[in-house]
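# Commentary on secondary and tertiary structure
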Amino acid sequence: MPLLLASLTAVLGAAVPAAAAPGLCVGPVCAEEITRSAKHHWQLRLRVNDQQGRHERLVVDCRDGHLSPAAGPVERGYAAAVARRACRLAGEAPAVAMNLRP
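Residues numbered from 1 in each chain as written. Predicted model: local features only at pLDDT ≥ 70, side-chain atom pairs only at ≥ 80, totals over all residues. Heavy atoms only, no water.

### Some words on the overall build of the chain
As a reminder of what qualifies: Helix and strand assignments come from DSSP, with helices taken as H or I runs of at least 4 residues and strands as E runs of at least 2, each series counted from the N terminus. Here's how the labels work: a residue is buried when its accessible area is under 20% of the maximum for its type, exposed when over 50%, partly exposed in between, all with a 1.4 Å probe on protein chains only. Two residues qualify as a contact provided that any one of their heavy atoms is within 4.5 Å of a heavy atom in the partner residue. Here the accessible surface of atoms and residues is derived via Shrake-Rupley with a 1.4 Å probe, and residues count as covered only by protein chains that are part of the display.
Across its full length, the chain holds 2 helices and 5 strands. Its helices and strands taken in sequence order, the chain reads α-β-β-β-β-β-α from the N to the C terminus. Taking all 102 residues of the chain together, 31% fall into the buried category. For the chain, contacts bridging at least 24 residues in sequence account for 32% of all contacts bridging at least 6. Working note: accessible area of the chain is about 6500 Å², and carbon and sulfur atoms make up 60% of it.

### Details of the sheet that holds strand 3 (residues 43–50)
Our working rule: What makes two strands pair is DSSP finding at least two bridges between them. Interaxial angle, 0 to 180 degrees, is taken between N-to-C directions of lines fitted to C-alpha atoms, where a helix line uses only the stretch in contact.
Spatially, 1-2-3-4-5 is the arrangement adopted by the 5 strands of the open sheet, whose pairing is antiparallel. In this open sheet, the two strands that pair with only one neighbour each are strand 1 (24–26) and strand 5 (66–68). On average, adjacent strands in this sheet sit at an angle of 35° to one another, irrespective of strand direction. Lying on the sheet, helix 2 (residues 76–90) is in contact with strand 1, strand 2 (29–36), strand 3, strand 4 (55–61) and strand 5; it crosses strand 1 at an angle near 135°.

### What about the state of the cysteines?
Filter applied, for reference: Here, a disulfide means two cysteine sulfur atoms that sit within 2.5 Å of each other.
In this structure the tally under the stated criterion is 2 disulfides. Across the disulfide from cysteine 25 sits cysteine 30; the S-S distance is 1.9 Å. Linking cysteine 25 and cysteine 30, the disulfide has an S-S dihedral of approximately 105° and is accordingly described as right-handed. Residue cysteine 25 is classed as partly exposed on the basis of its relative accessible area of 27%. What makes cysteine 30 buried here is its relative accessible area of 12%.

What follows is the structure in structure tokens.
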């Protein structure tokens with residue numbers, strides 16, 4: 001990627017804006033804008049997107065791994081894996097493995 005940007009800069013003669021690094025990724029799904037709910041500390045809000053350009057906002061209950069909404073354009077298996085990782089990093093994962101419901 002850096003070589004491509006350097007090549008474009010040399011060809012175009014102008015600076016090409018660099019692409020921002022993705023947030024937290026699992027497979028083809030990445031989460032950005034991860035925030036904790038002000039009302040419930042165990043609840044995280046994330047914006048997820050995939051390589052096909054589909055995106056949506058999700059809410060995950062880190063106590064049991066429930067995703068809301070339960071269905072959407074982004075594949076739920078990868079979205080659930082991203083949610084699990086976000087909960088672990090936020091220190092909100094339960095001691096036992098999360099039982100994710102579709």
